[in-house]
Amino acid sequence: MTPPPPPGPQLLGPLLAQLRLARGWSQLRVAAELCAASGVPTLSRHEVSRWERQLRVPGEFWLGWLAVVLAVPVDLLVTAAARTRSLGPPPAFGGSRPRAALLALAQRWLADPRAVLLPGAPIRHADRDDGAGPVRLAELRRLDDLVGGADLAGLGAYRLGRAVRALSGCAPSARPRLLPELAESAQLAGWLAADAGDAAGALHAYRLALRAAATAGDPALGGHVLGSASHLLTGVGDPEGALVLARTAYAGARRSASPGLRALLLHRVALAAALGGRAGAARQALDAARRVTGAPEPGREPPWLYWLDGPELAAMTGRALVALGRPLPAEAPLHAVRRRGPRTAAIYGGWLARGYLQLGEVERACAVAGEALLDAVRAGSPRALGQLAEVRRRLAGHGDEPVVRRYRALAAAAAPYLPRPGPSPGPAGRRARTGRAARRPPGGATGSAPTG
C-alpha cells in the first residue's frame, strides 16, 4: 500500500518522485503504467524525469492519469502543479554547445584515447616560460582550500594560460613533463570556473584537460576530468548528461585508477543516477563504492585527490541518499562534514536541509539552511548556493509558517553579500571580461577544501 503524502501544499516534482519511490517504481515503470492506462503509447521515461525535475509541468490530461496510476486524489496533483507553475521555470543552463562538445569528446576518448590527442605543438627553441608562474599548481590547489571560486577563477585561468604557452614553445624532450602539468592545470581551472558559476568556461577547460590527459597517456586523470565535469552538470540540472560523463569516466579509468578515484567516480555515477530518477543504478553505484574503499589510504592516491577521505566519501553517500528520498541515514554524515569549512558547510548544509524537508521537519530545515546561507557568504563560492536555491523552491509549499518567513528575511538581508556567478577571464572561460565582483562583508571571505 502506498503511504499517504505529507499534509500541506507541495511542489509537483518532489511529490511525484515521492509517490513513485513509495511504490518502488522506476520512472520507466511510471511511463509504462501511464501509457497502458491512457492508451497513449508515446509517453517516455524522459518526460516523467522532466516532470520530477520540474523542467515541465504536465497538463490536465496527464495529471488525471497520474492520479489514477499513483492512486491519489487528482486535486492533490492539480494544486501541486499550480504551485509549481507559480514559481516559474528553474534557471536554464546556457552551456549547451560546450556540453555537447564535451560529451562527444568523452565518447571518442573512451573508444580510442588517441582520437582526442592534442594537436602537435610548434617547436621553438627560444627560452620560454616553464609554466611555473608566480603560483605553482600545488599551491593553487591549496589556495582552493581557503578561497572560493569567485576569487580564484581568474588566477586559475591565468595559470592555465601559462601552461599552454609553455607547451607550445617547448622542445620535444620537454613535452612528457609539461603535458601532465597542462592537464592538471586545465582540470583545476575548470573546477575553479565551475565554483565561480561559469559553467560554459569550465566545460571548455575540461575539454582541454581531457585532450592533454590523453596525450600524456594518463587515463586516471582523464577519468577525474570527466568526473569533475559530471559533477558540474548535476549542479546545473542536467543529470542525464552528468550520468553519461560519470559512466564514461569510470569505464575509461577504472583499470588504472586508485581505490579513492574509483570510489569517487562511482559516487559521481550514484548522484547523477539518483537525481535522474534511476534509483536502482544509484544504489548499485553506492554499493560498489563501499566495496572499493571506505577511506582512501595516504600515499596511494594521486596528489590531486589529497582532499578525499573517509568522511568526505560518507558525506557523498549522504547526499545521494537525500536525492534518493532516504534522508534518515544521511543526517549523521552530512552533519559531520559541515565542520570542515564554510564552502563545505554551505554545500552539504543545503543537502541536509533538503533531507529535513523530506522528513517534514521544516523548522530544522530552515535553521540548517540559514546557517548554510551565511556560510555561502563566507565561502565566496557561487556553487555553494546551488542547493540553497533548491531549498528555497521547496519551501514555497510552506510559505505561511513563521520559520519560513524568518528564513526568507535572512536570505533577503544576505543577498547583497552573496557571491555572484560569472565568467572567468582567460583560457578557462575563453572570455575577455570578468563578472561583477560580489559585495563582501568586512574582513573578506574564506572558503574550504574542494567539496565533491
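Read on for a plain summary of the structure. (Residues numbered from 1 in each chain as written. Predicted model: local features only at pLDDT ≥ 70, side-chain atom pairs only at ≥ 80, totals over all residues. Heavy atoms only, no water.)

### Section: the packing of helix α6 (residues 96–111) against helix α12 (residues 239–253)
Axes are the key here: two packed helices are described by the angle between their axes and the distance separating the axes.
Right, on to step 1. Axis separation between α6 and α12 bottoms out at 10 Å; the angle between their running directions is 25°. Classified by the interaxial angle, the pair formed by α6 and α12 is roughly parallel. The two elements α6 and α12 meet at a crossing, and its hand is left-handed. Here Arg99, Leu102, Leu103, Ala106, Gln107, Trp109 and Leu110 of α6 lie close against α12, whose contacting residues are Gly241, Val244, Leu245, Thr248, Ala249, Ala251, Gly252 and Ala253.
Right, on to step 2. A breakdown of the residues in the contact of α6 with α12 according to their chemical character gives 10 nonpolar, 4 polar and 1 charged. (Axes fitted to C-alpha atoms, helices over the stretch in contact; angles between N-to-C directions. Helix = DSSP H or I, 4+ residues; strand = E, 2+ residues; numbered from the N terminus. Parallel < 35°, antiparallel > 145°, perpendicular 65-115°, else oblique. Left-handed = near helix turned anticlockwise from the far one by under 90°. Contact = heavy atoms within 4.5 Å. Nonpolar A, V, L, I, M, F, W, Y, C, P; charged D, E, K, R; others polar.)

### So, the nonpolar core
Right, on to step 1. Of all hydrophobic cores here, the largest spans 107 residues; its most connected members are Tyr206, Leu226, Leu245, Leu261, Leu334, Leu388 and Leu395.
Right, on to step 2. Residues contacting Leu261, with those up to four places away along its chain left out, are Ala220, His224, Glu301, Trp304 and Leu305.
Right, on to step 3. Grouped together as the second largest cluster of nonpolar side chains are 22 residues, Trp25, Leu43, Trp51 and Leu63 included. (Core = buried A, V, L, I, M, F, W, Y, C linked by side-chain atoms within 4.5 Å. Buried < 20%, exposed > 50% of the residue type's maximum accessible area, 1.4 Å probe, protein only.)

### Digging into the packing of aromatic side chains
Right, on to step 1. This model, assessed by the stated rule, comprises 2 aromatic pairs.
Right, on to step 2. Where Trp51 meets Trp62, the ring centres are 6.3 Å apart and the plane angle is 50°; that geometry is what we call tilted. Here Trp62 lies in helix α4 (residues 60–70) and Trp51 lies in helix α3 (residues 45–52), a separation of 11 residues in the sequence.
Right, on to step 3. Overall, Trp51 belongs to the buried group, its relative accessible area being 3%.
Right, on to step 4. Ring centres 4.9 Å apart and planes at 80° place the aromatic pair Phe61 and Trp62 in the edge-to-face group.
Right, on to step 5. Phe61 sits in the partly exposed class, given a relative accessible area of 44%. (Phe/Tyr/Trp six-rings, centres within 6.5 Å; stacked < 30°, edge-to-face > 60°.)

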